[in-house]
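Here are the chains, one letter per residue:
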Amino acid sequence: MTILVTYASRSGSTVGIAEAIGETLRRQGIAVDVQPMSEVDDVTAYQAIVLGSAIRQEKWLPESIQFIHKHQSILENKPVATFLVCMALATKNANRYESGLQSARGWMRPVRELVQPVSEGYFAGALNLSKIKELHFRIVLSALVMIGLFPTGDHRDWGAINQWAEGLSTQLLQMPTEQLAIAQ
């Protein structure tokens, strides 16, 4: 049994989260492939799939939606988990976090319309303005940083990421972790 963890990223935050999810699943004795969506041609060999995307302009990255459309008929017949990474969740203010989480759940809606995830993960990312390649987007983010809406730095909560990933084995493979070791 092998799980695919595949992702779309712009500046690397989502890559790190996907790798952490893969490593957590491996520690549970599960075979895992972690790959960018751009390098995945076929998903038929996988028993389950974890899809992740960075959020830009309140949407999943275009290549992630294209990937889901391309493989939708297969994804509809496999357990799928989804996660997104956005700076709207990078705050210590409880009210602002809840508002960001509510927005993020809305940004997951187009994905939910294409596949039925068994689990959804919502994670803050890292913001390093020098890694933002698109000038117009870097300018917008710089302005949001200046007015205090987005903090720069790495805001990924590795504990929350690992906790979410630990629960995926039973949700994706529909059997307790102890049985996975016997089945392999």
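For every chain, the first residue of the written sequence is number 1, and numbering continues from 1 onward in sequence order. Local features in this predicted model are restricted to residues of pLDDT 70 or higher, and side-chain atom pairs are both shown and tallied only at a pLDDT of 80 or more, whereas totals for entire chains, interfaces and linings draw on every residue. Computation of side-chain values covers all heavy atoms of the structure but excludes hydrogens and water.

**Quick notes on helix α3 (residues 94-112)**
Okay, step 1: Strands here mean DSSP runs of E at least two residues long; helices mean DSSP runs of H or I at least four residues long; both are numbered from the N terminus. One fewer than the residue count of a helix, multiplied by 1.5 Å, yields its expected span. Compared with the 27 Å implied by 1.5 Å per residue over 19 residues, the 26 Å span of α3 between its first and last C-alpha is a close match.
Okay, step 2: We call a residue buried when its accessible area falls under 20% of the maximum for its residue type, exposed when it is over 50%, and partly exposed in between, using a 1.4 Å probe and counting protein chains only. Along α3, the positions that sit buried rather than exposed are G100, L101, A104, W107, M108 and V111. Along α3, the residues classed as buried sweep out an arc of 125° about the axis, all on the same side. Facing away from the buried side of α3, by more than 90 degrees, are the exposed residues N95 and Q102.
Okay, step 3: The contact definition used throughout considers only heavy atoms, calling two residues in contact when any of these lie within 4.5 Å. Where α3 is buried, its residues contact β3 (48-56), β4 (59-60), α2 (62-75), β5 (80-86) and β6 (119-124). The directions from the helix axis to the C-beta atoms are what the arc is built from.

**A few points about the pairing of β6**
Okay, step 1: Burial analysis of β6 places 5 of its 6 residues in the buried class, the great majority of the element.
Okay, step 2: In this analysis, strands are considered paired if DSSP registers two or more bridges between them. Pairing analysis gives 6 bridges linking β5 to β6, with the strands arranged parallel. Bridge pairing in β6 links F83 to G121.
Okay, step 3: Taken together, β5, α3 and β6 constitute a β-α-β crossover, and its handedness is right-handed. Here, the term right-handed applies to a crossover whose path from the first strand over the helix to the second runs clockwise when the strands point away from the viewer.

**What about the side chain of S64?**
Okay, step 1: Looking at where S64 falls in the secondary structure, it is placed in helix α2.
Okay, step 2: Under the rule applied, a polar contact is a pair of N or O atoms within 3.5 Å (in protein, one hydrogen donor and one hydrogen acceptor; residues adjacent in sequence only if both atoms are side-chain atoms). Polar contacts involving the side chain of S64 include one to the main-chain carbonyl oxygen of L61, which spans 2.5 Å.
Okay, step 3: Beyond its immediate stretch of four places on either side in the chain, S64 contacts A8, M37 and S53.

**Details of the nonpolar core**
The nonpolar side chains of a soluble globular protein tend to be buried with one another.
Okay, step 1: By size, the foremost hydrophobic cluster in this structure holds 35 residues, and its most contacted members are L51, W60, I68, L84 and C86.
Okay, step 2: Within the residue set of this core, elements represented by two or more residues are β1 (2-8), β3, α2, β5, α3, β6 and α4 (135-146).
Okay, step 3: With 5 residues, α3 is the single largest residue contributor to this core.
Okay, step 4: Ignoring sequence-local partners within four residues, the contact set of L84 consists of S53, I55, W60, A104, W107, M108, G121, Y122 and F123. Note on terminology: a nonpolar core comprises buried Ala, Val, Leu, Ile, Met, Phe, Trp, Tyr and Cys residues joined through side-chain atoms within 4.5 Å.

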